[in-house]
Amino acid sequence: MINVSLFDDMTLCTDLEVERMIPLVPEPRRSDALKFKHTFGRFACLKSYMMLADLLNQEFGLEEFSMEVGEHGKPYIADRPDIHFNISHCLKAIAVVVSDQPVGIDVESFRQYSEGLLDKTMNEAEKAEILASDAPEETFACYWTRKEAVFKMQGTGITDNLHNILSGGVTTGTKINREKGYALSVAW
C-alpha cells in the first residue's frame, strides 16, 4: 500500500492560513513551524504535518503520533516500525506519502541547472536525454526527483552515488505538472 497526498494551491499560502493551522498541530510541530522566518516555510511545515496526520489516520487509524527524525533526517513514527512515510515540498507543491514498506518522495519546481550540476548529478545516458529534450528543465527535474526519492527512501541522505542510484532495482514513479511547473517522484 502506498498513498500520496499532494497540495499545490499555493494561493492559500498566507499568514492568515498559518495562523489558522497553528492551533491544529501538536506543540513540537508548532515550534518547528515558528522557527521559519518566511510564510512559506511556516505554511509548508504545518500543512505537511496536517496532510501526514490525515493519511496516517486514513491508512493506519492513528489519531496521535510522535514524529522522530533519524540520523540523516529521515522522519519516522516512534514505536511504529510498520509505518513508513516521507514529506517533500517546493515553492509549487507539498507532497506526503505513507506506506507499509520503505518509501521516499520528492517534489521539485522546474528550474535552470548548470552544466556543473548536470555533470555532478547525472550519468552519461541521463545527461544525453536531458540535453536532447524539448523541455530540459522538466526532464532534469524528473531525474532529480527520482534520485532524491530513492535517497530519502533509503534514509542515507544524498551520497556520492548520484550517477548510479537509479540502477539499483528500486521502483520509482514520476508525475509532471507542466501547468504549475513541478515534478513529483515516489520511490518504493
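Everything below is about the structure shown above.
This write-up is about the structure you can find in this document.

In this section: the pattern of salt bridges. If you walk through the whole model with that rule in mind, you get 9 salt bridges. One salt bridge in this structure joins Lys35 and Asp32, with 3.8 Å as the shortest N-O distance. Residue Lys35 is classed as exposed on the basis of its relative accessible area of 63%. Relative accessible area serves as the criterion here: at 31%, Asp32 is assigned to the partly exposed category. The salt bridge partner of Asp82 is Arg80, with a shortest N-O separation of 2.7 Å. According to the relative accessible area criterion, Arg80 is partly exposed, its value standing at 26%. Beyond isolated ion pairs, a larger network of salt bridges with shared partners links Asp119, Glu124 and Lys127.

Reading across the sheet, the 3 strands line up as S1-S5-S4 and stay open at both edges, with antiparallel pairing between neighbours. Two strands in the sheet have a free side with no partner beyond their single neighbour: strand S1 (2–7) and strand S4 (84–89). The sheet shows a mean angle of 10° between the axes of neighbouring strands, direction not considered. Pairing geometry for S1 and strand S5 (residues 94–99), over 6 bridges, is antiparallel. Its bridge partner lying in S5, Ile2 is registered against Ser99. Contacts from helix H3 (residues 39–60) reach S1, S4 and S5 within the one sheet, and its direction differs from that of S5 by about 25°.

About the criteria used
- Residues numbered from 1 in each chain as written.
- Predicted model: local features only at pLDDT ≥ 70, side-chain atom pairs only at ≥ 80, totals over all residues.
- Heavy atoms only, no water.
- Salt bridge = Lys/Arg side-chain N within 4 Å of Asp/Glu carboxyl O.
- Buried < 20%, exposed > 50% of the residue type's maximum accessible area, 1.4 Å probe, protein only.
- Pairing = 2+ DSSP bridges.
- Helix = DSSP H or I, 4+ residues; strand = E, 2+ residues; numbered from the N terminus.
- Axes fitted to C-alpha atoms, helices over the stretch in contact; angles between N-to-C directions.
- Contact = heavy atoms within 4.5 Å.

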